[in-house]
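# Examination of the molecular architecture
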Amino acid sequence: MDWSRMFKAPVVVFGCGNTLFGDDGLAPRAVAELAAEHEGRERDVAFVDAGTSVRSLLADLLLLGQAPGRLVVVDVVRDSGLEPGALSELRLGPPEPDLPERAMSLHQAPTPFLLRAMRDRLRCEVRVLSVQAARIPELMEEGLSPQALAALPALKEAIVSLCRTPSERSTQ
């Protein structure tokens, strides 16, 4: 994977998660498969396995003051109201300057603030795609659940769709 592409491509996709914890590795797997499928023919999109380093990568882009035209962040969530494998697009809210970082989980802090900074300071279109986990074990355990594997094709399709411009999406 050529990490430098994230500094050049008009669209960057970050697949976030830890492959050592079950379904948390779904987004990195989807992005790795898309990178392999599009290698050599897709110059406008950089597919990056961000692993657990999304905050560092966002900080790098912010410190350099350059951002892609569109950033797609893909991550797995645990939401008791969703069926395993369900896809949803999360919306970034307005800045919340009074919200202390300790009010968020360590997994999230300060990613929402960095994503808003990408959007507000660097005028980057930020899209956040989540997929509901079926299983994220307490102890390290590699491998995706059957529900995550079943969701993989739809997740990849949703990622590719978010990489297209609105006019390209309407002609598909």
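This structure is a prediction, so every number in the text was calculated from the model and none was measured.

### Observations concerning the side chain of D24
With respect to the helices and strands, D24 occurs in the loop between β1 (11–16) and α1 (26–38). One buried charged side chain, D24, makes no salt bridge at all; its nearest oppositely charged neighbour is R78, positioned 7.5 Å away.

### What about the sheet that holds strand β2 (residues 45–51)?
An order of β2-β1-β3-β5-β4 is seen for the five strands of this open sheet, with the pairing classed as mixed. The outermost strands of the open sheet, each flanked by one partner alone, are β2 and β4 (87–90). Ignoring which end each strand starts from, the neighbouring axes of this sheet average 20° apart. Relative to β2, β1 runs parallel, the two being bridged by six bridges. Of the residues in β2, the one forming a bridge with V11 is V45. Where helix α4 (residues 146–163) meets the sheet, its contacts fall on β1, β2, β3 (70–77), β4 and β5 (125–132), and the angle it forms with β5 comes to roughly 170°.

### Let's talk about the pattern of salt bridges
Pairs may arise between side chains of opposite charge once their charged atoms sit close together. Enumeration over the complete set of coordinates arrives at nine salt bridges. Here R127 and E89 are joined by a salt bridge, their closest N and O atoms 2.4 Å apart. Here the residue R127 occupies a position in strand β5, and E89 occupies one in strand β4, the gap between them amounting to 38 residues. Its relative accessible area of 14% is what places R127 among the buried residues. Taking the shortest distance from any N to any O, the salt bridge between E141 and R135 comes out at 3.1 Å. Overall, R135 belongs to the partly exposed group, its relative accessible area being 26%. Through salt bridges with shared partners, one network takes in R70, E89, R91, E125 and R127.

About the criteria used
Residues numbered from 1 in each chain as written. Predicted model: local features only at pLDDT ≥ 70, side-chain atom pairs only at ≥ 80, totals over all residues. Heavy atoms only, no water. Helix = DSSP H or I, 4+ residues; strand = E, 2+ residues; numbered from the N terminus. Buried < 20%, exposed > 50% of the residue type's maximum accessible area, 1.4 Å probe, protein only. Lys, Arg positive; Asp, Glu negative; His and termini not counted. Salt bridge = Lys/Arg side-chain N within 4 Å of Asp/Glu carboxyl O. Pairing = 2+ DSSP bridges. Axes fitted to C-alpha atoms, helices over the stretch in contact; angles between N-to-C directions. Contact = heavy atoms within 4.5 Å.

Treat this as a map of the structure, not an account of what it does.
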